[in-house]
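Given next are the chains, with one letter for each unit.
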Amino acid sequence: QVQLAESGGGLVQAGGSSRLSCVVSGRSASHYLMGWFRQTPGKEREVVATIDWGGLRTHSPESMEGRFTISRDNAKNAVYLQIDSVKPEDSAVYYCAADGTSHTFPPDSFEADYWGQGTQVTVSP
């Protein structure tokens, strides 16, 4: 079974930074496009950033204000998300996802085959 496990969430002071990790088990992470998503109660889950198979190309919506950096280390089966200059509105549950269906990058739509359980990031004023 393929499983994704996030870690690194917690309480962060506004203006600081946070680094999240996602470890893939059961299969090599290199088979998948990887992505980070976030969700706040009452809001739809939104894309934070995505990264191609080898980690050469990344994509993040303009709404993310350029403060999110996604990276990966396939040798460690790991994907990371660096959040800089965190704001209270960044508080959310952050999810790691793997897409083994899409064959282009950036994908027209990220087709998640697997999701992690999420890690909560809370930003204090």
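Summarised in this report is the structure supplied together with it. (Residues numbered from 1 in each chain as written. Predicted model: local features only at pLDDT ≥ 70, side-chain atom pairs only at ≥ 80, totals over all residues. Heavy atoms only, no water.)

## With respect to the pattern of salt bridges
To be explicit about the condition: Salt bridge, as applied in this entry: a Lys or Arg side-chain nitrogen positioned within 4 Å of an Asp or Glu carboxyl oxygen. Think of it in three bands: residues with accessible area under 20% of the maximum for their type are buried, residues over 50% are exposed, and the middle band is partly exposed, with areas taken using a 1.4 Å probe on protein chains only.
Tallied over the entire structure, the rule returns 5 salt bridges. Among the ionic pairs, R38 bridges to E46, the shortest N-O distance being 2.7 Å. On the accessibility criterion, R38 (11% relative accessible area) is buried. Given the relative accessible area of 31%, E46 is considered partly exposed.

## Describing the state of the cysteines
Two cysteines joined by a covalent bond between their sulfur atoms form a disulfide. Selection rule: Note on disulfides: each one is a pair of cysteine sulfur atoms within 2.5 Å. Numbering of helices and strands runs from the N terminus, with a helix taken as a DSSP run of H or I at least four residues long and a strand as a DSSP run of E at least two residues long.
Going through the model one piece at a time under the given rule, you end up with 1 disulfide. There is a disulfide in this structure between C22 and C96, and the S-S distance comes to 2.1 Å. With the S-S dihedral at roughly -80 degrees, the linkage between C22 and C96 falls on the left-handed side. Of the two residues, C22 sits in strand β3 (residues 18–25) while C96 sits in strand β9 (residues 92–99), which places them 74 residues apart along the sequence. Summarising the burial analysis for this pair, C22 and C96 share the class buried.

## Digging into the side chain of R72
Our working rule: We call two N or O atoms a polar contact when they sit within 3.5 Å, provided that within protein one can donate a hydrogen and the other can accept it, with sequence-adjacent residues counted only if both atoms are side-chain atoms. We call two residues in contact when some of their heavy atoms are within 4.5 Å.
On the secondary structure map, R72 appears in strand β7 (residues 68–73). Within the local environment of R72, its side chain forms a polar contact with the backbone oxygen of A29, the two atoms lying 2.7 Å apart. A distance of 3.0 Å separates the side chain of R72 from the backbone oxygen of Y32, its partner in a polar contact. Ignoring sequence-local partners within four residues, the contact set of R72 consists of A29, S30, Y32, L33, M34, I51, D52, W53, G54, G55, A78 and V79.

## As for the packing of aromatic side chains
Here is the rule: Only Phe, Tyr and Trp rings are paired, with Trp represented by its six-membered ring, and only when their centres lie within 6.5 Å; those with planes under 30 degrees apart are stacked, over 60 edge-to-face, the remainder tilted.
Throughout the structure, instances matching the rule amount to 4 aromatic pairs. Taking 5.3 Å as the distance between ring centres and 65 degrees as the angle between the ring planes, the aromatic pair formed by F37 and F110 counts as edge-to-face. Of the two residues, F37 is situated in strand β4 (residues 33–39) and F110 in the loop between β9 and β10 (114–115); the sequence distance between them amounts to 73 residues. Across this residue pair, the class does not change: F37 and F110 are buried.

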